Structure formats: structure tokens, C-alpha cells
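# Coordinates in review
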Amino acid sequence: MKNILYSPKNPPSDDEMFFAHMTAAGDMGGDILIFPENIHTPYDELLCGADILDPNDVDYVLGSLYDFSTVTGCAAVFSSVDASGFPYAVFVNAFAADGDTYSKIYIKHDKTDKLCAYDLDDYNQCRGEIFEPIVYRGFRLGLMLGGDVLMAKLFEEYAKGGAEYIVHPTVNLPEIKTPPMPVVSCGHEGKVGVYFANGEGKVQKINDELYETVVTKKTL
């Protein structure tokens, strides 16, 4: 699985520059394009203005991001804070087939000054849905945000569904030494990393915006 991490030292000054970067990412033949939390994209207003507990808002967000996925040729992971204050990540894959996952929303668990997943009234009822792994090209992967990757019980929840590795878009890269399963982490300003139980994995710098890491069944 080729993960393309978007972590520019100098964020794009306009949407045209952003999409030029995305064209380059698509040309690399990536499987998943990962954006860190709070990085500027043309979808900021869409993502932060949505109520992720409202199915109509979710459908509208997914429709726009499917278009992005179609144009770039990659599945994608975006992050934001919704209109109510829930930090969340969303995965979209316009090319899902043969049992692959089209979309998934994950709500952050790490306590912040905003809401988190534990504030959901029906958290226990929807926990299974939150931790259902994404199925993509023979892999099963999960999403986490921020300090969630330091919470062993969240890995345990994903492990119940057979997740093999975690995609982790974040603001600041926490120190991860021995995660219970591999973590592909993407932060701001070139702060990227891949972490296995036995140490760090390989990340290749493509240019000042893009990095690449490949997760295979052998490495898992």
C-alpha cells in the first residue's frame, strides 16, 4: 500500500498551487493521499461547516471528496473539526470495488478543549462503527487522530476487527516508540513517520510537499 503524505513546509498560497501538488501526487500512483490536521485545503469551509452527525451534511461532504478522489486517482484522508466541535477524519475512495470501503468517518477520542467521541450520547452503540477497519486493496486499516495513538485501548478496538495498520493525520507528531500495530503518521512541515513495534519504518521524501511510504504484507 503506497501512502502519500502531504506535509508542506510552506503551505500553498492559493487553490491553484494546491491542485498542482495534488496532480503530482496522483502521478506517483499512490493508493492513499493523507493530509495532516489543520493543513489548508480548498475543502476547509466544507469540512468545518458540516455537522458530521447529520446524514445530509455527511452525504454532501462525501460527494465533494469523491470528486477529489476521482480527479487525483487516489483514496484520500482529510481531517477537520465539524460545526459542533467534533475533531474528525474522513476517508474516501471513489474507486472502491470488490468489498473495498467507499468512506469512513472517525471521531477523535483524545480529550481536548473541544468535543470528542466520548461526548457522543450513543457512544457505546456506535463504537463498533467507529472502529470498523477500512478495507482497501487487500489491507485492513484504521484511522486515529492526535493523542489517540498513545491510547492502547483504541488499538485493541481496531484489532477486534482485524485492522493491520493505522493512518494517523495529526497536528504535532507525538513520540511513538512501540505501537501495538504499525502507524503511518503525517504532521505539519515535513513531520512524517512510520512506526512499527520494532522501530521506525522508511519514509522517502519526494519534494517539499510530498513524502511516500509503502506498507506491505511482509512488513506487517
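Just above sits the structure.
What this report covers is the structure whose coordinates are included nearby. Fair warning: this is a prediction, and the values are worked out from it, not measured in the lab.

Every buried residue of helix α4 (residues 123-130) is listed here: Y123, C126 and I130. End-on, the buried residues of α4 take up no more than an arc of 80°, which puts them together on one face. For α4, exposure combined with an orientation more than 90 degrees from the buried face picks out N124, Q125 and G128. For α4, the elements touching its buried residues are β5 (103-107) and α5 (152-160).

For α5, the complete set of buried residues consists of L154, F155, E157 and Y158. Looking down the long axis of α5, one finds its buried residues gathered within 155° of arc, a one-sided arrangement. In this structure, α5 carries E156 and K160 as exposed residues pointing more than 90 degrees from its buried face. Its buried side turned inward, α5 meets β5, α4, β7 (139-143), β8 (165-169) and β9 (183-186). Just downstream of α5, G162 is the residue with a positive phi angle, here 85°.

Our focus in this paragraph is the sheet that holds β9. The strand order β6-β7-β8-β9-β10-β11 describes an open sheet built from six strands, whose pairing is mixed. Each end of this open sheet is capped by a strand with a single partner; those strands are β6 (134-136) and β11 (199-200). The pairing of strand β10 (residues 192-196) with β11 spans two bridges and is classified as antiparallel. Looking at β11, one finds that F196 is bridged to G199.

About the criteria used
- Residues numbered from 1 in each chain as written.
- Predicted model: local features only at pLDDT ≥ 70, side-chain atom pairs only at ≥ 80, totals over all residues.
- Heavy atoms only, no water.
- Buried < 20%, exposed > 50% of the residue type's maximum accessible area, 1.4 Å probe, protein only.
- Helix = DSSP H or I, 4+ residues; strand = E, 2+ residues; numbered from the N terminus.
- Arc of directions from axis to C-beta.
- Contact = heavy atoms within 4.5 Å.
- Pairing = 2+ DSSP bridges.

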